[in-house]
Amino acid sequence: MSTPTQDLAAAGVSIWLDDLSRSRIVTGNLAELIESRTVSGVTTNPTIFAGAIGNGGEDYAAQLHQLAADGVSVDDAIIAATTDDVRAAADIFSSVYEATNGVDGRVSIEVSPDLAHDTDGTIAQAGLLWQLVGRENALIKIPATKAGLPAITATIAAGISVNVTLIFSLERYNEVIEAYIAGLQAAREAGHDLSKIHSVASFFVSRVDTEVDKRLAAIGTTEALELKSKAGLANARLAYELFEQRFAAADAAELIAAGANTQRPLWASTGVKDPALPDTLYVTELVAPGTVNTMPEKTLEATFDHGVIAGDTITTNYAAAHDLMASLANVGIDFTDVTQLLEDEGVEKFIASWQELKETVRVALEAAK
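Residues numbered from 1 in each chain as written. Predicted model: local features only at pLDDT ≥ 70, side-chain atom pairs only at ≥ 80, totals over all residues. Heavy atoms only, no water.

Draft legend 1. Representation of unusual backbone geometry. Even without glycine at this site, L166 takes up a positive phi of about 60 degrees. Judged by its relative accessible area of 2%, L166 is buried. The backbone of S229 sits at a positive phi, close to 65 degrees, despite the residue not being glycine. (Buried < 20%, exposed > 50% of the residue type's maximum accessible area, 1.4 Å probe, protein only.)

As C-alpha cells, then:
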C-alpha cells in the first residue's frame, strides 16, 4: 500500500517542507522525512529562521559564541548561521538532487526582506548567498515585487537558480515568467548551461482566502457568503493555466529545446487558516504534474495521515475558476486591491520577522561575549 504522500508525488507534485532548523538537521529528522514522508526539498524564510534560532538556542550556541569572539556584525552572524543550515540541508538532499536530475533536492534561502524594493541590493546579496552556500541544489529566494523582477532576470542570467516568492496575482505571475525567460536568454548568451538553471514561482494560496473571505463577510449577502474559501484555489488554478500557456509559447519552447527548464509553479501558504475547512484542502485540490507544494509540518502530517489524492484537480477546473473570479467581481471584490495588499503585507511581515531575528541574534552575541 502506498501512502498519500507517495500518491501525491506519483501524481507529479514535489513535496517540500516549509521549515528548517539545525535541530532537524543534527537529529536526523530531515533525512527521516525524505524516507517516510516523500519530502524532496525545503523552503525557508525569515520567519522560519527567526523561530529556529530563537527557539533552538542550544543548537546555535557554539557557533554564535565563536562569531561573537570573532567580532562579527549581527547581519553577518545571521548569514553565517543560515547559510550553514542551508548548506547542511542541501547535502542531506544531494541524493534526491542527483536522482531527479536537479529538479528536486532543493533548499531555498531568502535575500534580506530589507532589500524587497532594492534591485541592485537584491542582485548583490543573491550572488553572495549563492557563493556562500556553495551548493548547486540551493535556490535563492527573491520576492516578486516590482524591484524584484529585474533582480530575478539578472540572477538567472548569472546562472543562479531562483525561487521567486510572494506571488499573489496572475498579472504579477506573468511578469515573473517574463523575467525568468529574459534571464534564460541572457544566460544562454553568456554561455551558461541552461540545464543547470532551475526556478520555481511561489504562488501563495491560503492568504488569498483569508483576505477575500474577510471582505465577503463584510458584504454579507447570501451570494457573497457562498463564495467564501474558494478564491485561493481558483487563483492558483488559473496560475497553472497561465503556466501551461506561457511555456508552450515559441520563445519559451525554443529555450526548453535548448536545454532550459520550465519554471515550476509552487503552492505556498498551504496551511489551512480556517478550522472549518479540511486541513488538506490546499494540497488535495492543487494536484497537477510539474508542481511543488511546500507544506508546514502540520499540513504534511495531515496529508500523510488522511490526504485523499484523486489525480489532477487543477486542469479539470479551469472553467469553474474563471467563473468564480467573475462572481467575486460581481459581488464587489476588487481582486487587484486584494493581491496588492497581500504583497505589501507579505513584505512587511518578513521585515518584522527579520528584525525579530536580528534582535534574537544580537542578544545571543552579547550573551556569548
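Draft legend 2. Structural view of the pattern of salt bridges. The tally for this structure, following the rule as stated, stands at 21 salt bridges. Here D19 makes a salt bridge to R24, at a shortest N to O gap of 2.7 Å. For E211, the salt bridge goes to R215, with nearest N and O atoms at 2.8 Å. In this pair, E211 and R215 both sit in helix α11 (residues 206-219), four residues apart, roughly one turn of the helix. For E211, a relative accessible area of 7% translates into the label buried. (Salt bridge = Lys/Arg side-chain N within 4 Å of Asp/Glu carboxyl O. Helix = DSSP H or I, 4+ residues; strand = E, 2+ residues; numbered from the N terminus.)

Draft legend 3. Local environment of the sheet that holds strand β8 (residues 291-295). One closed barrel accounts for eight strands, arranged β1-β2-β3-β4-β5-β6-β7-β8; its pairing is parallel. Going across the sheet, the axis of each strand differs from the next one's by a mean of 30 degrees, ignoring polarity. Judged from the two bridges that link them, strand β2 (residues 39-42) and strand β3 (residues 106-110) form a sheet pairing that is parallel. The residue bridging G41 from the neighbouring strand is R106, located in β3. (Pairing = 2+ DSSP bridges. Axes fitted to C-alpha atoms, helices over the stretch in contact; angles between N-to-C directions.)

Draft legend 4. Main features of the nonpolar core. By size, the foremost hydrophobic cluster in this structure holds 88 residues, and its most contacted members are L20, Y173, W267 and V361. A per-element tally of this core places helix α6 (residues 74-92) first, with nine residues. When near neighbours in sequence (up to four residues on either side) are disregarded, Y173 contacts I167, A201, F203, A239, L242, F243, Q263 and P265. Within the second largest apolar cluster, 29 residues are counted, among which are A224, L266, V331 and I333. (Core = buried A, V, L, I, M, F, W, Y, C linked by side-chain atoms within 4.5 Å. Contact = heavy atoms within 4.5 Å.)

Draft legend 5. Highlighting the pairing of strand β5 (residues 162-167). With respect to burial, β5 is a largely interior element, six of its six residues being buried. Viewed along the sheet, the connection from strand β4 (residues 138-143) through helix α9 (residues 148-157) into β5 turns out right-handed. Pairing between β5 and strand β6 (residues 199-204): four bridges, direction parallel. Across the sheet, the residue bridging to N163 is V200, located in β6. Taken together, β5, helix α10 (residues 170-189) and β6 form a β-α-β motif whose crossover is right-handed. (Right-handed = clockwise from strand over helix to strand, strands pointing away.)

Draft legend 6. Broad picture of the packing of helix α4 (residues 46-55) against helix α18 (residues 335-368). It is at 8 Å that the axes of α4 and α18 come closest, and there the two elements cross at 25 degrees. With respect to α18, the element α4 is oriented roughly parallel. Viewed along their axes, α4 and α18 form a crossing whose handedness is left-handed. Across the interface between the two elements, P46, T47, F49, A50, I53 and G54 from α4 touch F350, S353, W354, E356, L357, T360 and V361 from α18. In terms of residue class, the contact of α4 with α18 is made up of eight nonpolar, four polar and one charged. (Parallel < 35°, antiparallel > 145°, perpendicular 65-115°, else oblique. Left-handed = near helix turned anticlockwise from the far one by under 90°. Nonpolar A, V, L, I, M, F, W, Y, C, P; charged D, E, K, R; others polar.)

Draft legend 7. Spotlight on the pairing of strand β7 (residues 263-268). In terms of burial, β7 is a largely internal element, six of the six residues being buried. Relative to β7, β6 is paired through six bridges, and the arrangement is parallel. Opposite A201, over in β7, you have P265 as the bridge partner. Both β7 and β8 contribute to a ladder of two bridges, which runs parallel. Its bridge partner lying in β8, L266 is registered against V292.

Function cannot be read off these values alone, since they describe shape.
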